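# Breakdown of the fold
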Amino acid sequence: MAEFTSDGARLRYDIKSALSLAWDSILSHRLRSFLTLLGVMIGVASVILVGAAIDGMGTYAKTSTEKAFGSQSYILAQVAAVGGLTRKQYFDKMKYNRPIQLVDERYLQSLNGDNTLYSAYRNTSADTKRESLTSEDTTIYGANWTLADIRDLDISEGRFFTGVEEQNASFVAVIGDDLKNNLFPGGGSPLGRTFKIQDLDFTVVGVLERLGSTFGQSQDNVAYIPVTAYNRLFGPGLSIAVFARPKPAAGLTMQESLDETRVALRTRFHQKPGEGDRFDFITPDAIRGFIDNILSLVAAVVVPITGISLVVGGIVIMNIMLVSVTERTREIGIRKSLGARRFDIMLQILIEAVLMAAAGGAAGVSLGVLATTVLTAALGVPLRVPPFYVVLSVFVSGAVGVISGWYPASKAAKLDPIVALRAD
């Protein structure tokens, strides 16, 4: 036990001495030390920032999906695919799938309306005007009065249009916050006031809560109007999309509601058992899964590329440590002649390399967190630093220190003291 205690004390002393010598060496060459750890610092900061960006994009995309879909809704359309289609796939689907018309949506309402909410859904872009003011490229949505409940649309002022207004093809509109500010500046309420779509006056009955932008595209320069009024303005079109979700009181899950809707639409299209659906549908889960797959692919490609800067930083540390060993050849010879062991020399060089890498790693984490905070404030996208990337960065920077310092430390420990003492 006494021998173990003595060995332990000796090891603690060796480590303390090596730390002291390494720290003195770093401080005596401040500029060189800073430039040495800069590569590690930038590499760690890059990994942190990329991790925060990937995590933030995932959260943002999922939030945007919920805003676009609602929490339990799904979409039916003639052609709808997650992840895009090739030109051939698109035209094959257009040939095989049946157009969905407003009468098909009415059919679904009559058959499953007791347990599922349905809404026709069409959209286009058009300039909207009021007096001398113009809001360019406003997205005009034509929908049923049920869309507000299907998509969980929040109204900040007024109300959504009613079933009676939809049935009468009334020229009423629920507008987004950007459209309100563009056409009704000054802060007053736009309720009851009119603006023009296709030179026809629409009365504002509601204003949506602000949603912000999705990938640079404003979600607030919008106007929702009854689909019947939309058809009067832009024609019936070749096909529509249909939003749907189970009624809360019906006790159905989204999948059960979708199954019933598919059966009803297959029956209407006279499809045989075993025949593929002649329509497409999209669920929020499918979109979230697609987003997760894309982000995982991005992480698998980008994070290793970002980590290359850590490898470069490690090479720089190794080169500097080799230079340091060359500069201290005489010092190492003196230490060895006074009884220093190979272990002592190796420990000093290795600790110095690890110390620089660890300092670079800590500075890189701080820089990455700071950059993430700045980008969050600047872009308005909620970026969050995942703990996994912090742990990964610290672990990799430590490993870089050990790996890059091992060869110089081994070379220093093997120096012949007599040869080393003769060095200039």
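First, a word on what this report is: a plain description of the structure on this page. All values derive from a computational prediction rather than experimental measurement. (Residues numbered from 1 in each chain as written. Predicted model: local features only at pLDDT ≥ 70, side-chain atom pairs only at ≥ 80, totals over all residues. Heavy atoms only, no water.)

## Comments concerning unusual backbone geometry
This is how the line gets drawn: The helix and strand labels rest on DSSP assignments: H or I over at least four residues marks a helix, E over at least two residues marks a strand, and numbering proceeds from the N terminus. Any residue under 20% of the maximum accessible area for its type is buried, any over 50% is exposed, and the rest in between are partly exposed; the area is computed with a 1.4 Å probe on protein chains only.
The phi angle at aspartate 152 is positive, at roughly 55°, despite the residue not being glycine. In this fold, aspartate 152 is placed in the loop between α5 (147-150) and β4 (155-158). Even without being a glycine, alanine 169 presents a positive backbone phi close to 55°. What makes alanine 169 buried here is its relative accessible area of 11%.

## Focus: the packing of aromatic side chains
Rules: Centre distance within 6.5 Å is the pairing criterion for rings of Phe, Tyr and Trp, where only the six-membered ring of Trp is used; planes under 30 degrees apart are then read as stacked, over 60 as edge-to-face, and the remainder as tilted. Criterion for a charge above a ring: Lys NZ or Arg CZ within 6 Å of the ring centre, and within 35 degrees of the ring normal.
Counting across every chain of the model gives 9 aromatic pairs. Aromatic side chains tyrosine 90 and phenylalanine 91 sit 5.5 Å apart centroid to centroid with 75° between the ring planes, which places their arrangement in the edge-to-face category. For tyrosine 90, a relative accessible area of 36% puts it in the partly exposed group. What links up through ring pairs into an aromatic cluster is the set Tyr121, Tyr141, Phe160, Phe161, Tyr224 and Phe243. The side chain of arginine 268 reaches across the aromatic face of tyrosine 107, ending 4.9 Å from its centre. Positioned over the ring face of tyrosine 96 is arginine 278, at 5.0 Å from the centre of the ring.

## Here we look at a nonpolar patch on the surface
Convention followed: By definition, no residue in a patch forms a salt bridge, and every one has over 30% relative accessible area; like charges are joined within 9 Å, nonpolar side chains (Val, Leu, Ile, Met, Phe, Trp, Tyr) within 5 Å. Computed with a 1.4 Å probe, the accessible areas rest on the Shrake-Rupley method; for each residue, only the protein chains presented here act as cover. One speaks of a salt bridge when a side-chain nitrogen belonging to Lys or Arg is within 4 Å of a carboxyl oxygen belonging to Asp or Glu.
Together, Leu297, Val301, Ile305, Ile308, Val312 and Val316 make up an exposed nonpolar region whose accessible area comes to about 510 Å². Note that valine 316 resides in helix α10 (residues 284-327). Its relative accessible area of 30% is what places valine 316 among the partly exposed residues.

## Looking at the side chain of serine 170
Operational definition: It only takes one pair of heavy atoms within 4.5 Å for two residues to be counted as in contact.
Inspection of the secondary structure assignment puts serine 170 in the loop between α6 (163-167) and β5 (172-175). Exposure remark for serine 170: the relative accessible area of 19% places this residue in the buried category. Those residues in contact with serine 170 that lie beyond four places of it in its chain are Glu165, Pro226 and Ala229.

## Observations regarding the pattern of salt bridges
Throughout the structure, instances matching the rule amount to 15 salt bridges. Two residues, arginine 106 and glutamate 105, come together in a salt bridge whose shortest N-O distance is 3.3 Å. Glutamate 105 gets classed as buried once you look at its relative accessible area, which sits at 0%. For aspartate 178, the salt bridge goes to arginine 210, with nearest N and O atoms at 2.7 Å. Placement of the pair is aspartate 178 in helix α7 (residues 177-183) and arginine 210 in the loop between β7 (200-208) and β8 (213-214), with a sequence separation of 32 residues. Classification of aspartate 178 by relative accessible area gives buried; the value is 17%.

## Quick look at helix α11 (residues 329-337)
For clarity, the threshold we go by: The arc refers to the directions leading from the helix axis to the C-beta atoms.
For α11, the complete set of buried residues consists of Thr329, Ile332, Gly333 and Lys336. Along the long axis of α11, the arc covered by the buried residues comes to 100°, so they all point the same way. Immediately beyond the C-terminal end of α11, within one or two residues, lies glycine 339, with a positive phi of roughly 110°.

## Some remarks on the environment of threonine 138
Turning to its location among the elements, threonine 138 is positioned in strand β3 (residues 133-143). What makes threonine 138 buried here is its relative accessible area of 0%. Taking the C-alpha atoms as reference points, threonine 138 and alanine 223, 85 residues apart in sequence, are found 7.3 Å from one another. Filtering out sequence-adjacent residues up to four positions away, threonine 138 remains in contact with Thr124, Ser125, Ala126, Thr128, Leu179, Asn221, Val222 and Ala223.

## Let's talk about the nonpolar core
Counted only if it meets this: To define a nonpolar core, start from buried Ala, Val, Leu, Ile, Met, Phe, Trp, Tyr and Cys residues and group those joined through side-chain atoms within 4.5 Å.
Residues Leu147, Phe160 and Tyr224 are the most contacted members of the largest nonpolar core, which totals 53 residues. With sequence-adjacent residues up to four places away left out, phenylalanine 160 is seen in contact with Asn144, Trp145, Leu147, Ala148, Leu153, Ile155, Val174 and Tyr224. Ranked by size, the runner-up nonpolar core spans 17 residues in total, among them Ile175, Phe184, Val207 and Tyr230.

## Quick look at helix α9 (residues 254-268)
The condition is simple: How far a helix is expected to stretch is found by multiplying one less than its residue total by 1.5 Å.
Its 15 residues place the ends of α9 21 Å apart at the C-alpha level, agreeing with the 21 Å of an ideal helix rising 1.5 Å per residue. Once α9 finishes, histidine 270 follows within two positions and takes phi at roughly 55°, a positive value.

## Comments concerning the pairing of β7
Worth spelling out the cut-off: Two strands pair under a simple rule: DSSP has to find at least two bridges between them.
In this sheet, β7 lies alongside β4 in antiparallel orientation, the contact comprising 3 bridges. Bridge pairing in β7 links isoleucine 155 to leucine 208. When β5 meets β7, the two strands line up parallel, connected through 4 bridges. Residue isoleucine 175 lies in a different strand from β7, and its bridge partner there is valine 207. Sheet topology places strand β6 (residues 194-197) next to β7; 4 bridges connect them, and they run antiparallel. Across the sheet, residue lysine 196 finds its bridge partner in β7, namely aspartate 201. Hairpin connection, β6 to β7: the antiparallel pair is bridged by 2 residues, and glutamine 198 has positive phi, about 55°.

## Here's the deal with the packing of helix α4 (residues 102-112) against α9
For clarity, the threshold we go by: Lines fitted to C-alpha atoms define the axes here, with helix axes fitted over just the stretch in contact, and angles between the N-to-C directions of these axes take values from 0 to 180 degrees. Each angle gets one of four labels, with under 35 degrees taken as roughly parallel, over 145 as roughly antiparallel, 65 to 115 as roughly perpendicular, and the rest as oblique. Should the near helix be turned anticlockwise from the far one by less than a right angle, the crossing is left-handed, and should it be turned clockwise, the crossing is right-handed.
Between α4 and α9, whose axes approach to 10 Å, the crossing angle comes to 125°. Taken together, the axes of α4 and α9 are oblique relative to one another. Between α4 and α9 the crossing geometry is right-handed. Of the residues in α9, those in contact with Val103, Asp104, Tyr107, Leu108, Leu111 and Asn112 of α4 are Glu260, Thr261, Ala264, Leu265, Thr267 and Arg268.

## What about the pairing of strand β1 (residues 74-77)?
With burial as the criterion, each face of β1 is covered, one bearing Tyr74 and Leu76 and the other bearing Ile75 and Ala77. Alignment of β1 against strand β12 (residues 280-282), held across 3 bridges, turns out to be antiparallel. Following the sheet pairing, isoleucine 75 is matched in β12 by isoleucine 282.

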